[in-house]
Amino acid sequence: MPAHPSLPRVLVGSLVAVMLLSGCQTLGDAGQVIDRAELVNDLAARLDRSTELTYSADYQIAGGQTASIVQAQKPVRAAYTYPGGKLTVTDEATVICVTEDRTTCTITPPPSPSAKPAITVFQNAGNQGLVTPTMVINMLTTAALDPDAVIEQTDTTVAGRHATCVKVGEVAASDFTACVTTEGVLGSFRGVVEGKPVELAMSRLRDAVDPDAFEVPAEATVVDRRAGHP
């Protein structure tokens, strides 16, 4: 969940660095800054480690629907499936599929790992009920810079996996709760993304991926916008 598959690592590092540099100037209580920095660093490090994993995570989302995050290595690639669409990211392309009356998949070049607009690519998933790890880290860091935010940490179990949960309240943007497993996989989330309520909980986690997880659906109409492609 986070547009090149290795982007979450670069993005997380940048966001945490901003928090550490800006937070000390924004928050008046030095102890509060340290606590928030440690908390965000811990969760960022967990989510960052997940970029080195091969896994398939299935989620239950609002309305009884399902979504999934799949990631593999050698080559590094990731796929996010949600109601009405799918986002696939590899070192060769970004593919966004939208299903209405029929499925249309648009292929574009992968954004640079350092490109901040890459977060926008993942917002399409958020609009459909799936929040990605990259977006969760962005929201956590924003909350850490808010002097009025109240951040509480608890432990729980999600789909049989131990997870650390963070409840963030009284923030300028919106309140949310996020849980991250010990492995670094997003376990659950409840909050508002792009003005829409999002609620998901992991139902199954596997250390393997299906061979067709990163393929364009066979019935899809494909629009290739990469240079050199008709």
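Predicted model, so just to flag it, every value in this text is computed and none were measured.

As for the overall build of the protein
Item 1. What the protein contains, in helices and strands, is four helices and twelve strands.
Item 2. Summed over its atoms, the accessible surface of the protein is roughly 10900 Å², and 52% of this surface lies on carbon and sulfur atoms.

Focus on the state of the cysteines
Linking two cysteines covalently via their sulfur atoms produces the bond known as a disulfide.
Item 1. Scanning the model with the defined rule gives two disulfides in all.
Item 2. Each sulfur of the disulfide joining C97 and C105 lies 2.0 Å from the other. Measuring handedness by torsion sign, the sulfur bridge of C97 and C105 sits at about 110° and is right-handed. The pair C97 / C105 is uniform in exposure class, with both members buried.
Item 3. There is a disulfide in this structure between C165 and C179, and the S-S distance comes to 2.0 Å. Torsion about the S-S bond of the C165 and C179 cystine: about 105°, corresponding to right-handed handedness. Of the two residues, C165 sits in strand β8 (residues 161-169) while C179 sits in strand β9 (residues 176-181), which places them 14 residues apart along the sequence.
Item 4. In this structure C179 comes out as buried when scored by relative accessible area, which is 5%.
Item 5. Sequence-ordered numbering of the bonded cysteines in the protein yields a pairing of 1-2, 3-4.

As for the environment of G187
Item 1. By secondary structure assignment, the location of G187 is in strand β10 (residues 186-193).
Item 2. Separated by 24 residues in the primary sequence, G187 and A163 place their C-alpha atoms 6.9 Å from one another.
Item 3. When sequence neighbours within four positions are dropped, the list of residues in contact with G187 reads Y59, V158, C179, V180, T181, A201 and M202.

Focus: the sheet that holds strand β7 (residues 150-158)
Item 1. With respect to topology, twelve strands assemble into an open sheet ordered β7-β8-β9-β10-β11-β1-β2-β3-β4-β5-β6-β12, the strand pairing being mixed. Among the strands making up the open sheet, the edge pair consists of β7 and β12 (221-224). Each strand axis lies, on average, 15° off the axis of its neighbour in the sheet, ignoring direction.
Item 2. Sheet analysis places β7 next to β8, joined by nine bridges and oriented antiparallel. Note on β8: the bridge partner recorded for T154 is C165.
Item 3. Sitting on the sheet, helix α4 (residues 133-144) is in contact with β2 (65-72), β3 (77-82), β7, β8, β9 and β10, with an inclination near 60° to β10.

Quick notes on the nonpolar core
Item 1. Counting residues in hydrophobic clusters, the biggest one holds 40 residues, and the most contacted among them are Y59, L130, V131, L140, F176, F189 and L200.
Item 2. Take this core: its biggest share by element is six residues, from α4.
Item 3. Formed by six residues, the second largest nonpolar core is a distinct cluster that contains A93, V95, I107 and A220.

As for the pairing of β3
Item 1. Two elements, β2 and β3, share five bridges in a ladder whose sense is antiparallel. Note that in β3 the partner of V70 across the bridge is A79.
Item 2. Where β2 folds back on β3, the antiparallel hairpin that results is connected by four residues, among which K74 adopts a positive phi of roughly 50°.
Item 3. The pairing of β3 with strand β4 (residues 85-89) spans five bridges and is classified as antiparallel. The partner of A78 across the bridge, within β4, is V89.
Item 4. Hairpin connection of β3 to β4: two residues between the antiparallel strands, including G84 at a positive phi of 85°.

Some points on the pattern of salt bridges
Item 1. In the structure shown here, the tally under the stated rule is six salt bridges.
Item 2. In this structure, E183 and R161 form a salt bridge, with 2.6 Å as the shortest nitrogen-oxygen distance. Here the residue E183 occupies a position in the loop between β9 and β10, and R161 occupies one in strand β8, the gap between them amounting to 22 residues.
Item 3. Assessed through its relative accessible area of 29%, E183 is described here as partly exposed.
Item 4. Among the residues examined, R161 registers a relative accessible area of 21% and is labelled partly exposed.
Item 5. Note that E199 and R190 form a salt bridge whose closest N and O atoms lie 2.9 Å from each other.
Item 6. E199 sits in the partly exposed class, given a relative accessible area of 37%.
Item 7. With a relative accessible area of 52%, R190 lands in the exposed category.

Rules used throughout
- Residues numbered from 1 in each chain as written.
- Predicted model: local features only at pLDDT ≥ 70, side-chain atom pairs only at ≥ 80, totals over all residues.
- Heavy atoms only, no water.
- Helix = DSSP H or I, 4+ residues; strand = E, 2+ residues; numbered from the N terminus.
- Areas by Shrake-Rupley, 256 points an atom, 1.4 Å probe, with all protein chains shown as cover.
- Disulfide = S-S within 2.5 Å.
- Buried < 20%, exposed > 50% of the residue type's maximum accessible area, 1.4 Å probe, protein only.
- Contact = heavy atoms within 4.5 Å.
- Pairing = 2+ DSSP bridges.
- Axes fitted to C-alpha atoms, helices over the stretch in contact; angles between N-to-C directions.
- Core = buried A, V, L, I, M, F, W, Y, C linked by side-chain atoms within 4.5 Å.
- Salt bridge = Lys/Arg side-chain N within 4 Å of Asp/Glu carboxyl O.

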